[in-house]
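Okay, here's what each chain looks like letter by letter:
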Amino acid sequence: MKWYKIEDVPAADQPFIKKVKAGGKSICLVGFEEKLYATSAKCPHAGADMSEGLCVRKMIVCPYHRYTYDLETGKGGEGQNDFIETYPVDVREEGVFVGVASFWDKMRGGFK
Ligand code: FES
């Protein structure tokens, strides 16, 4: 897994969704209840830009059809039977980093 430093991260004391690029991926960096999360910026339902959505009860809500996804696990809301990709976030002295696994990382890990 490769870690990418994210610039200009807002303070997490206020909720925010910031669209960033890391490892060639479009990612939503989300600050919610003083914790940072990272999900894909593309909705798995029909491709909406999740950075234009909102957060409610530790879920990111798609701006198009209001599907919801758990910020930690990526699991879709009840009855959706889908998920959004999530990424690890590491807050270090030198900044905030998001980890992106390569195809080969996933192969080695068996797509866990
Ligand atoms: S495009 Fe996101 S819920 Fe439909």
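Nothing here was measured: the structure is a model prediction, and the numbers come from that model.

It is worth spelling out the UniProt feature "domain: Rieske" (unreviewed entry) in the protein chain at this point. Under the feature "domain: Rieske" (unreviewed entry), the UniProt entry names residues 3–98. Helix makes up 0% of residues 3–98 and strand 46%, with an end-to-end C-alpha separation of 5 Å.

With that settled, the discussion passes to the sheet that holds strand β3 (residues 25–32). Spatial ordering of the open sheet is given by β2-β3-β4-β8, a layout of four strands whose pairing is antiparallel. Among the strands making up the open sheet, the edge pair consists of β2 (16–22) and β8 (86–87). Here six bridges tie β3 to strand β4 (residues 35–40), and the two strands are oriented antiparallel to one another. Each bridged residue has a counterpart across the sheet, and for glycine 31 the counterpart in β4 is leucine 36.

With that out of the way, let us pick up the pairing of strand β10 (residues 95–100). By the criterion of burial, β10 is predominantly enclosed, with six of the six residues buried. Alignment of strand β9 (residues 89–92) against β10, held across four bridges, turns out to be antiparallel. The residue of β10 that forms the bridge with valine 89 is valine 98. In textbook terms, the turn of a hairpin is the stretch between consecutive antiparallel strands, and for β9 and β10 this stretch comprises two residues.

Bringing the packing of aromatic side chains into the picture now. Applying the stated criterion to the full structure yields one aromatic pair. Summarising the aromatic geometry, the rings of phenylalanine 103 and tryptophan 104 are spaced 5.1 Å apart at their centres and angled 80 degrees between planes, so their arrangement reads as edge-to-face. Taking the relative accessible area as the measure of exposure, phenylalanine 103 reaches 47% and is therefore partly exposed.

Moving on, we come to the pattern of salt bridges. Once the charged atoms of two side chains with opposite charge are near each other, the side chains can pair. In total, this model carries five salt bridges according to the counting rule given. Here lysine 35 ties to glutamate 72 by a salt bridge, and the two come within 3.6 Å at their closest N and O atoms. Residue lysine 35 is found in strand β4, and its partner glutamate 72 is found in the loop between β7 (68–70) and β8; the two are separated by 37 residues along the sequence. A residue is classified by how much of its surface remains accessible, and glutamate 72, at 42% relative accessible area, is partly exposed. Its salt-bridge partner being glutamate 72, residue lysine 58 comes within 3.1 Å of it at the nearest N-O pair. Placement of the pair is lysine 58 in the loop between β5 (54–56) and β6 (59–61) and glutamate 72 in the loop between β7 and β8, with a sequence separation of 14 residues. For lysine 58, a relative accessible area of 30% puts it in the partly exposed group. The network of salt bridges with common partners includes Lys35, Lys58 and Glu72.

Cut-offs and rules
- Residues numbered from 1 in each chain as written.
- Predicted model: local features only at pLDDT ≥ 70, side-chain atom pairs only at ≥ 80, totals over all residues.
- Heavy atoms only, no water.
- UniProt positions renumbered as here; feature names shortened; annotations may be inferred.
- Helix = DSSP H or I, 4+ residues; strand = E, 2+ residues; numbered from the N terminus.
- Pairing = 2+ DSSP bridges.
- Buried < 20%, exposed > 50% of the residue type's maximum accessible area, 1.4 Å probe, protein only.
- Phe/Tyr/Trp six-rings, centres within 6.5 Å; stacked < 30°, edge-to-face > 60°.
- Salt bridge = Lys/Arg side-chain N within 4 Å of Asp/Glu carboxyl O.

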